[in-house]
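Summary of the model geometry
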Amino acid sequence: MSTITTTDVVVVGAGVAGLSVAWRASTRYGLTVTVVDPSPGRGASHAAAGMLTPVSELQYGEESLLRLSIESARRYADFAAELADAAGLPSGYRACGTIAVALDADDRAVLKDLHAHQTRLGLDSSWLTSRECRRLEPMLAPAITGGLHVADDHQIDNRLLVAALLAACERAGVRFVRESVERILVANDRAYGVCLVDGRELTADQVLLAAGCRSGLIPGLPPEVVPPVRPVKGEILRLRVPPEMLPFLSRNIRGVVKGGSMYLVPRADGELVIGATEHELGHDTRVTAGGVYELLRDAHELVPGITELPLVETLAGLRPGSPDNAPILGRSALAGLVVATGHYRHGILLTPITADTVAQVLAEGGTPELIRPFGPDRFETADRKVMA
Ligand code: GLY
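Read on for a plain summary of the structure. (Residues numbered from 1 in each chain as written. Predicted model: local features only at pLDDT ≥ 70, side-chain atom pairs only at ≥ 80, totals over all residues. Heavy atoms only, no water.)

Notes on unusual backbone geometry
- Following Leu 246, the chain continues into Pro 247 via a peptide bond in cis, with omega recorded as -10°.
- Secondary-structure assignment places Pro 247 in the loop between β13 (230-240) and β14 (252-257).
- Residues Gly 275 and Ala 276 are joined by a peptide bond in cis, for which omega reads -20°.
- With respect to the element layout, Ala 276 can be found in the loop between β16 (271-275) and α7 (289-302).
- Of note in the backbone geometry, Asn 325 takes a positive phi value of approximately 60° without being a glycine.
- Tracing the chain through its elements places Asn 325 in the loop between β17 (311-321) and β18 (328-331). (Helix = DSSP H or I, 4+ residues; strand = E, 2+ residues; numbered from the N terminus.)

Structure representation (structure tokens):
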């Protein structure tokens, strides 16, 4: 066994959470950071669609999450510009707005309820007739029964975002170790680094656990501080709009289709992302015929012209779900261990706020007010200690 390096922080997991915190911690606070991941940027961050849609994806009972999401969305344009500058690469931000549309009368009632809830909370969205939807997006089917327009819900190309974060981290001197973590090292009630599968040890003052849906699987931690995350499978498709058919769609489309929900996310370069299924099947990342069928069937109901487009990719990713579907952010009960996981459906949206707040936790201690409701301590109960 050999200890290969000591840094201020070792980050376990190079998805958007780990990378963005590493970048911020390094450039804003001057911390030395090592990121460990066998395939940086290739997990859920790669599979995602990149919707930045806190208002159109509003859920009842998630008002404190809404506050965090809106603040992250508000920071996005500046974050993306700063990142692009630091990386020397585009970061893929697109201020395009979102239309949520309903297929039948029941779907329309669902969207009407959502609109009423948005209005009660003072959020900006406007109801549209079917004709008004189609005036904004002519490729929508005449059959849709109405919708709502959220002018401030945008998107980012998640793969450009990941590439920019990797480049910005490299430029900032963040060290990458492309290897799997065998266990987190704990002694005297303190996390002090990680042991890799090849036996090497990386030691650090603090460990940031940001391994997405695998965050609960890495051995070494006392049971009560293991983040309770579970994999939530999402199948997602990528189509390619030929240049002569652009612009095919100009905004994100969220659809309520016979009670289910789905989305189409059009990139400026012609990529069209269609997602996503949602199943809890453990760590299964197989794409099923049924998943592809459902997505194409529902997308075709809303935008019949998609059947002319080449289908260029089918993929399944694993979202990191937490028991209350909100992220787990901040210092854990174990000294030296900080957590940034459990982002569920909102990892890309929450990237700027995760980066800013968790880097601050690493550099200054304490807990920024915005992430207080999302601390690991809400799950670190005596019950879990006993059950484990
Ligand atoms: N954020 C979209 C999804 O998880 O499918």
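Thoughts on the site of the ligand
- Around the ligand, the structure places Tyr 263, Ala 276, Arg 319 and Arg 345.
- Separating an oxygen atom of the ligand from a side-chain N or O atom of Arg 319 is a distance of 2.7 Å.
- Arg 345 has a polar backbone atom sitting 2.7 Å from a nitrogen atom of the ligand.
- Protein contacts shield 87% of the accessible area of the ligand, which totals 200 Å² for the unbound molecule.
- A breakdown of the residues in the shell around the ligand according to their chemical character gives two nonpolar, no polar and two charged. (Near = heavy atom within 4 Å. Polar contact = N/O pair within 3.5 Å; in protein donor to acceptor, adjacent residues only side chain to side chain. Areas by Shrake-Rupley, 256 points an atom, 1.4 Å probe, with all protein chains shown as cover. Nonpolar A, V, L, I, M, F, W, Y, C, P; charged D, E, K, R; others polar.)

What to know about the environment of Gly 375
- Mapped onto the elements, Gly 375 comes out in the loop between α8 (351-364) and α9 (382-387).
- When its relative accessible area of 7% is taken as the criterion, Gly 375 is described as buried.
- Each C-alpha atom of the pair Gly 375 and Ala 44 lies 22 Å from the other, and the pair is 331 residues apart in sequence.
- If we skip the residues at most four places from it in the chain, Gly 375 touches Ile 328 and Leu 329. (Buried < 20%, exposed > 50% of the residue type's maximum accessible area, 1.4 Å probe, protein only. Contact = heavy atoms within 4.5 Å.)

Describing the pattern of salt bridges
- One pass over the structure, following the stated rule, counts 26 salt bridges.
- Where Glu 313 meets Arg 159, a salt bridge forms, and the shortest distance between an N and an O atom there is 2.7 Å. Taken together, the positions of Glu 313 in strand β17 and Arg 159 in helix α6 (residues 158-172) put the pair 154 residues apart, joining distant regions of the chain.
- Judged by relative accessible area, which is 22%, Glu 313 ranks as partly exposed. (Salt bridge = Lys/Arg side-chain N within 4 Å of Asp/Glu carboxyl O.)

Details of the side chain of Asn 158
- In this fold, Asn 158 is placed in helix α6.
- You can call Asn 158 buried: its relative accessible area is 0%.
- For Asn 158, the side chain forms a polar contact with the main-chain oxygen of Ala 48, separated by 3.0 Å.
- Residues contacting Asn 158, with those up to four places away along its chain left out, are Ser 45, His 46, Ala 47, Ala 48, Ala 49, Gly 50, Arg 238, Arg 267 and Ile 348.

Structural notes on the packing of helix α3 (residues 63-87) against α6
- Between α3 and α6, the least distance of the axes is 8 Å, while the angle of their chain directions is 55°. In terms of their interaxial angle, α3 and α6 are classed as oblique. Crossing geometry of α3 relative to α6 is assigned as left-handed. For the pair formed by α3 and α6, the contact residues are Tyr 76, Phe 79, Leu 83, Asp 85, Ala 86 and Ala 87 on the first element and Leu 161, Ala 164, Leu 165, Ala 167, Ala 168 and Arg 171 on the second.
- Of the residues assigned to the contact of α3 with α6, the class counts are 10 nonpolar, no polar and two charged. (Axes fitted to C-alpha atoms, helices over the stretch in contact; angles between N-to-C directions. Parallel < 35°, antiparallel > 145°, perpendicular 65-115°, else oblique. Left-handed = near helix turned anticlockwise from the far one by under 90°.)

Here's the deal with the packing of aromatic side chains
- A full pass over the atoms with the stated rule returns three aromatic pairs.
- Consider the rings of Trp 23 and Phe 79, whose centres lie 5.7 Å apart with planes at 80°: the pair is edge-to-face. In this pair, Trp 23 sits in helix α1 (residues 16-29) while Phe 79 sits in helix α3, placing the two residues 56 residues apart along the sequence.
- Looking at Trp 23, the relative accessible area reads 2%, which means it is buried.
- When its relative accessible area of 2% is taken as the criterion, Phe 79 is described as buried.
- Ring centres of Tyr 76 and Phe 79 lie 6.0 Å apart, and the angle between their planes is 80°; this geometry places the pair in the edge-to-face category. Taken as a pair, Tyr 76 and Phe 79 lie in helix α3 at a separation of three residues, close to a single helical turn.
- We note Lys 112 situated over the ring of Trp 127; from NZ or CZ to the ring centre the distance is 4.2 Å. (Phe/Tyr/Trp six-rings, centres within 6.5 Å; stacked < 30°, edge-to-face > 60°. Lys NZ or Arg CZ within 6 Å of the ring centre and 35° of its normal.)

Read these as geometric descriptors, not functional statements.
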